[in-house]
Amino acid sequence: MAYGKWIGAFLGALNGGILGAMAGFAVGSLFDYIQDPGNADTDSYSNQAQGQRQHEQEGLRNGFLFSLMVLSAHIIQADGKIMHSEMETVRRFLRNSFGEAAVRQGDSILRRLFEYRKRTGEAAWQQQIREACAEMRTAMPEEHRLQLIAFLVEIAKADGRVDPVEVSVLREIAMYLGLNANTVDQFLSLGGSTLADAYEVLGIAPTATDDEVRRAYRNLVRQHHPDRIATLGNDVVEAAKKKMQEINDAKERIYKERGM
């Protein structure tokens, strides 16, 4: 399933105002492409193929960003409070990626999503999130879904404390996206300095064998290597590089302790 199909379904559940806001935010050509996939230059087969690839990359990027905005709204309100630090985490990402205009559009989108949640009620919102995650699970490769969870964890950590309800919501989202709920615990432990943190990052117990340690590390490298998300843009790739370094640091602490 293409990103455009689930985005269109989600927007259809909201009012027309958010559609306009999202169209303004999607600085690439995703929405134009949904309406008219034949916009690529047709002067030659080569140009057409190149245009098609460009449209596909823009679709991946903007589909990821739209998914991020929807789930960010969910996490920001998870503990019943809208914290400035959490909003600023989203703003910083948008600012670094697209500039101040995108920050204003992003704020508008988040606030409209907050209003939609309040207007329709919690049950309807939760159902919408479950359905949206199910569509993301179909439309997005695993590595993109992992990046979504990683970013949502950063939002939850922004105020210096991750509330238990935020952990619960993050784990629910991970499962809705078809990921292991323990992925959340791994991301929460990134950047930690203890040996216990290192084992948590690799998703294994201290009693794991050396072979299990190596296997867990290889799996993480496969899942999180920056090359696998190159189509999502430099900002997402840089974030992935930082996570990859933290995974390597965790592996080195374990290897050193075991004499591997």
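As shown above, the structure is provided for reference.
These numbers come from a predicted model, not from an experiment. (Residues numbered from 1 in each chain as written. Predicted model: local features only at pLDDT ≥ 70, side-chain atom pairs only at ≥ 80, totals over all residues. Heavy atoms only, no water.)

Asks: Any chance you could explain the overall build of the chain here in plain terms?
Replies: For the chain, the helix and strand inventory stands at 13 helices and 0 strands. Scanning the chain from its N terminus toward the C terminus, one meets helices and strands in the order α-α-α-α-α-α-α-α-α-α-α-α-α. Here the chain holds 260 residues, and 47% of them are scored as buried. Accessible surface, the chain: about 12400 Å² in total, of which carbon and sulfur atoms supply 48%. (Helix = DSSP H or I, 4+ residues; strand = E, 2+ residues; numbered from the N terminus. Buried < 20%, exposed > 50% of the residue type's maximum accessible area, 1.4 Å probe, protein only. Areas by Shrake-Rupley, 256 points an atom, 1.4 Å probe, with all protein chains shown as cover.)

Asks: Even after reading the chapter, I still don't get the nonpolar core, so can you show me in this structure?
Replies: As a rule of thumb, soluble globular proteins bury nonpolar side chains together. If you look at the biggest cluster of nonpolar residues, it comprises 66 residues, and the most contacted ones within it are L71, I149, I173 and L202. Ranked by residue count, the leading element in this core is helix α4 (residues 45–76), at 10 residues. In this view, I149 contacts L170, I173, A174, L177, L179, T183, V184 and F187; residues no more than four positions away in its chain are not counted. (Core = buried A, V, L, I, M, F, W, Y, C linked by side-chain atoms within 4.5 Å. Contact = heavy atoms within 4.5 Å.)

Asks: So what exactly am I meant to see when it comes to the pattern of salt bridges here?
Replies: Should the charged atoms of two oppositely charged side chains come close, the side chains can pair. Inspection of every chain in the model, using the stated rule, returns 12 salt bridges. With its nearest N and O atoms 3.0 Å apart, the salt bridge here joins R91 to D107. Note that R91 is positioned in helix α5 (residues 84–98) and D107 in helix α6 (residues 100–120), a separation of 16 residues in sequence. Side by side, R91 and D107 carry an identical accessibility label, which is buried. One salt bridge in this structure joins D210 and R258, with 2.7 Å as the shortest N-O distance. A residue pair is termed long-range when its members are at least 10 positions apart, and D210 in helix α12 (residues 210–224) and R258 in helix α13 (residues 234–258) qualify at 48 residues. (Salt bridge = Lys/Arg side-chain N within 4 Å of Asp/Glu carboxyl O.)

Asks: Whenever I open this one, the packing of aromatic side chains confuses me. Can you help?
Replies: The way to describe two aromatic rings as a pair is by their centre distance and the angle between their planes. By the definition in use, this model includes 2 aromatic pairs. Between F93 and F151, the aromatic rings sit 5.0 Å apart at their centres with planes inclined by 65 degrees, giving edge-to-face as the arrangement. With F93 in helix α5 and F151 in helix α8 (residues 142–157), the pair connects residues that are 58 residues apart, well separated along the chain. Just above the ring of Y217 sits the side chain of K251; from NZ or CZ to the centre is 4.9 Å. For K251, the ring lying beneath its charged end belongs to Y255, and the centroid distance is 5.0 Å. (Phe/Tyr/Trp six-rings, centres within 6.5 Å; stacked < 30°, edge-to-face > 60°. Lys NZ or Arg CZ within 6 Å of the ring centre and 35° of its normal.)

Function cannot be read off these values alone, since they describe shape.
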